[in-house]
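Notes for the structure review
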Amino acid sequence: MLHHLVLFNLNEHSSEAHIDRIYEEVEALKAKNLGIISVDRGVKSADRRSAKYDYGYMITLTDKTARDRVLNSPEYRRIKTELLDVHTADLFNHGFSSE
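Structure report, in brief. What you see is a predicted model; the values in this text were computed from it and never measured.

What counts and what doesn't
Residues numbered from 1 in each chain as written. Predicted model: local features only at pLDDT ≥ 70, side-chain atom pairs only at ≥ 80, totals over all residues. Heavy atoms only, no water. Helix = DSSP H or I, 4+ residues; strand = E, 2+ residues; numbered from the N terminus. Rg over C-alpha atoms; globule rule 2.2 N^0.38 Å. Buried < 20%, exposed > 50% of the residue type's maximum accessible area, 1.4 Å probe, protein only. Contact = heavy atoms within 4.5 Å. Areas by Shrake-Rupley, 256 points an atom, 1.4 Å probe, with all protein chains shown as cover. Phe/Tyr/Trp six-rings, centres within 6.5 Å; stacked < 30°, edge-to-face > 60°. Polar contact = N/O pair within 3.5 Å; in protein donor to acceptor, adjacent residues only side chain to side chain. Core = buried A, V, L, I, M, F, W, Y, C linked by side-chain atoms within 4.5 Å. Expected span 1.5 Å × (residues − 1). Bend = angle between axes of the 7 residues up to and from the residue.

Turning our attention to the overall build of the protein chain. Across its full length, the protein chain holds three helices and four strands. Secondary structure elements of the protein chain, listed N to C terminal, follow the sequence β-α-β-β-α-α-β. Compactness check: the protein chain gives a C-alpha radius of gyration of 13 Å against a globular reference of 13 Å for 99 residues, within 12% of the reference. By its C-alpha atoms, the protein chain is 35 × 30 × 15 Å across when sized along the principal axes. The buried share of the protein chain, reckoned over its 99 residues, is 35%. For the protein chain, the proportion of contacts with a sequence separation of at least 24, taken over those separated by at least 6, is 74%. As displayed, the protein chain has an accessible area near 6100 Å², and 48% of this comes from carbon and sulfur atoms.

Following this line, the structure appears as structure tokens:
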């Protein structure tokens, strides 16, 4: 299995409604049968200075092929350009394997 982790903060022009839309759009990808096992989302749980990001989601995928299929899909590219690039101030993404 592979995991694609995205952590982010909202910019000053965005609201909680934008976060909900980001999460809803990412979760909707699961129905596209691209190899997504699960989508988890959350908010920062620690009130520490070292916790730089306030929001995040993790997509668990079957393998590298599924990761490439999702990240290169028109739907995910739209999420990135219309939502993440517009409504986030800081964004970090990282992939890792649990195998």
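Below, the discussion takes up the packing of aromatic side chains. Each aromatic ring pair is summarised here by two numbers: the centre-to-centre distance and the angle between the ring planes. For the structure on display, the rule yields three aromatic pairs. With 5.8 Å between their ring centres and 25° between their planes, phenylalanine 8 and tyrosine 55 make a pair best called stacked. Remark: tyrosine 55 occurs in strand β3 (residues 55-61) and phenylalanine 8 occurs in strand β1 (residues 2-10); sequence separation between them is 47 residues. A relative accessible area of 0% places phenylalanine 8 in the buried class. Note on tyrosine 55: relative accessible area 14%, which makes it buried. Following the ring pairs from residue to residue traces out a cluster consisting of Phe8, Tyr23 and Tyr55.

Attention now goes to the side chain of threonine 88. Note that threonine 88 resides in strand β4 (residues 88-97). Within polar-contact distance, the side chain of threonine 88 engages the backbone oxygen of leucine 84 at 2.4 Å. When residues no more than four places from it in sequence are discounted, the contact partners of threonine 88 are Phe8, Asn9, Leu10, Asn11 and Leu83.

Moving on: the side chain of asparagine 11. Mapped onto the secondary structure, asparagine 11 falls in the loop between β1 and α1 (16-28). Here the side chain of asparagine 11 touches serine 14 through a polar contact of 2.8 Å, side chain to side chain. Here the side chain of asparagine 11 touches valine 86 through a polar contact of 2.6 Å, landing on its backbone oxygen.

Further remarks concern the nonpolar core. Counting residues in hydrophobic clusters, the biggest one holds 22 residues, and the most contacted among them are Tyr57, Ile59 and Tyr76. Put simply, the parts of the chain that give this core at least two residues each are β1, α1, β2 (36-43), β3, α2 (64-71) and α3 (74-87). Those residues in contact with tyrosine 76, other than ones at most four positions away along the chain, are His4, Val6, Leu29, Tyr57, Ile59, Val70, Leu71 and Leu84.

The end-to-end C-alpha distance of α3, which contains 14 residues, comes to 19 Å, matching closely the 20 Å that a straight helix rising 1.5 Å per residue would cover. Residue lysine 80 marks the point of greatest curvature in α3, where the axis turns by about 35°. Tyr76, Ile79, Leu83, Leu84 and His87 are the residues of α3 that are buried. Buried residues along α3 sit against β1, α1, β3, α2 and β4.

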